[in-house]
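Fold and geometry: a report
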Amino acid sequence: MNVVFVLMLMVGVIVETIQKGGDATLASLLAGANNAVTLCLSLAGAYLFWMGLMGVLKKSGLMQLLSRRLRPVIRFLFPNAGEASGAISLNLAANMLGMGNAATPFGLEAMHLLNKRNPTPTIATNEMCVLLAINASCLELLPTTLIALRQVYGSVAPASVLLPTLLSSACSTVVAVILCKVLTR
Amino acid sequence: MIAYIVPALIVLLLVWALIKRVNVFSAFCQGAADSLPLLATILPCLATMLIAISVFQDSGALEFVIGLLEPLLAPVGLDGRLLPLILLRPFSGSAATAITTDIMSRYGADSLVGYTAGVLMGASETIFYTLALYFGTVGIKKSRFTLPVALIASLVAVITGIWFSYLLYPF
């Protein structure tokens, strides 16, 4: 990650300064930071709402119930998830429904809980790697935003992308899980 | 369908909470309060990643890489119009959405290229952003095998996405 970051930043700064001058480079850098602020603000509402619901979920004992019920399934992928299994299952469920805004706070909560059990705090545990790999391959049952987008652009059958999307995201998830299983052995 | 599932789940949750005699108002407040430290840790991670992406994109370095790859991939049968989308997708969700909408409005959502662009958009994820965010919030510095696995998985999504779109194209 570090190498990728430095490389992108360095190549970007050098190339843009040569081609468009220093002012343009500074403008691009600040535009990136501004994007982060706007994005964070637009995420804030969604996070407040979903984390609020998660608060109710926890207080009512449903989260623990969910964790206990799903533990056999979760255990296969996350043998050492512990109390994080509830948050993990919520994250996976939201991902599958194409609700990225809800998946992220659940996923971050799961990361926090996983990190509590992490014996080496700056190094990712197996569970964290698997959670990220599955999130990155994003198995989607209902690509809701995509269907809406196709509808806007005049598709006669907006939901016709369902099958190819499902199949290819299933392929990439399977590959990610297999790779993780091999690498965590 | 989906439009009804989530609201129904929310109502069910509230009913359950009432049965369990939970103070829903304070539980919701507490949960929502937890999102503030989360947002505070997210912002620096987001800014770090987005600054690098922004300057890399604006400098034209990305287009240069795309230009280099285009003649290499044309013989394989890959539509060159999809290349910017494929290469940008791991870095920036908004840029990928912009390209997808551009392709859809220009060639039609139901054209093969518009259809494939949609599938690629739906079947892949902004992995660099996700990784930076998830690991950044808990202070993980060594992500071990996560990045290579995520990259391989998204490559698989691209290849199978193009293949399945071609195979299952309904129009």
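See the structure above.
Scoring rules and cut-offs
Each chain has its residues counted from 1, running along the sequence as written. Just so you know, chain letters begin at A and ligand numbers begin at 1, following the order they were written in. Reporting of local features is limited, given that this is a predicted model, to residues whose pLDDT is at least 70; pairs of side-chain atoms are given and counted only at 80 or more, and all residues count toward the totals for whole chains, interfaces and linings. In computing side-chain values, all of the structure's heavy atoms are included and hydrogens and water are not. Note that patches include only residues with greater than 30% relative accessible area and no salt bridge, and the join distances are 9 Å for like charges and 5 Å for nonpolar side chains (Val, Leu, Ile, Met, Phe, Trp, Tyr). Each accessible area is a Shrake-Rupley estimate made with a 1.4 Å probe; only the visible protein chains count as cover when residues are assessed. The working definition used for a salt bridge is a side-chain nitrogen of Lys or Arg within 4 Å of a carboxyl oxygen of Asp or Glu. Residues counted as positive are Lys and Arg, residues counted as negative are Asp and Glu, and His and the chain ends are not counted. Each charge is placed at NZ for Lys, CZ for Arg, CG for Asp and CD for Glu. Secondary structure elements follow DSSP: runs of H or I of four or more residues count as helices, runs of E of two or more count as strands, with numbering from the N terminus. Only protein chains enter the accessibility calculation, which uses a 1.4 Å probe; a residue whose area is less than 20% of its type maximum is buried, one above 50% is exposed, and one in between is partly exposed. Any two residues whose heavy atoms approach within 4.5 Å are treated as being in contact. Summed over both partners, the accessible area (1.4 Å probe) lost when two parts come together is defined as the buried area. Nitrogen and oxygen atoms within 3.5 Å of one another constitute a polar contact, given that in protein one can donate a hydrogen and the other can accept it, and given that sequence-neighbouring residues count only through two side-chain atoms.

1. Focus: a positive patch on the surface
Among the surface-exposed residues, Arg68, Arg69, Arg71, Arg75 and Arg117 of chain A lie close enough to one another that they form a single positively charged patch. Within the secondary structure, Arg75 of chain A sits in helix H3 (residues 62–77).

2. Structural notes on the pattern of salt bridges
Residues and elements named next belong to chain B. Within the structure shown, the criterion is met by 4 salt bridges over all chains. Here Arg81 and Asp79 are joined by a salt bridge, their closest N and O atoms 2.8 Å apart. A relative accessible area of 36% means that Arg81 is categorised as partly exposed. Of the charged contacts in the structure, one is a salt bridge between Arg106 and Asp102, with a shortest N-O distance of 3.1 Å. With Arg106 and Asp102 both in helix H5 (residues 93–107) and 4 residues apart, the pair spans about one turn of that helix.

3. Here's the deal with the interface of chain A and chain B
The interface of chain A with chain B comprises 94 residues on the first partner and 82 residues on the second. When chain A packs against chain B, the two sides together hide about 7,400 Å² of surface, and 79% of this comes from carbon and sulfur. For the interface between chain A and chain B, the tally reads 1 salt bridge. Between Asp110 of chain B and Arg150 of chain A there is a salt bridge whose closest N-O contact spans 3.0 Å. In this structure, the connection of chain A to chain B is made through 17 residue pairs in polar contact (both at pLDDT 80 or more). Going through the elements one at a time, helix H1 (2–20), helix H2 (22–59), H3, helix H5 (100–116), helix H6 (126–137), helix H7 (144–152) and helix H8 (162–183) of chain A are the ones with two or more residues in the side of chain A that touches chain B. If one sorts the elements of the side of chain A that touches chain B by residue count, H2 of chain A sits on top with 25 residues.

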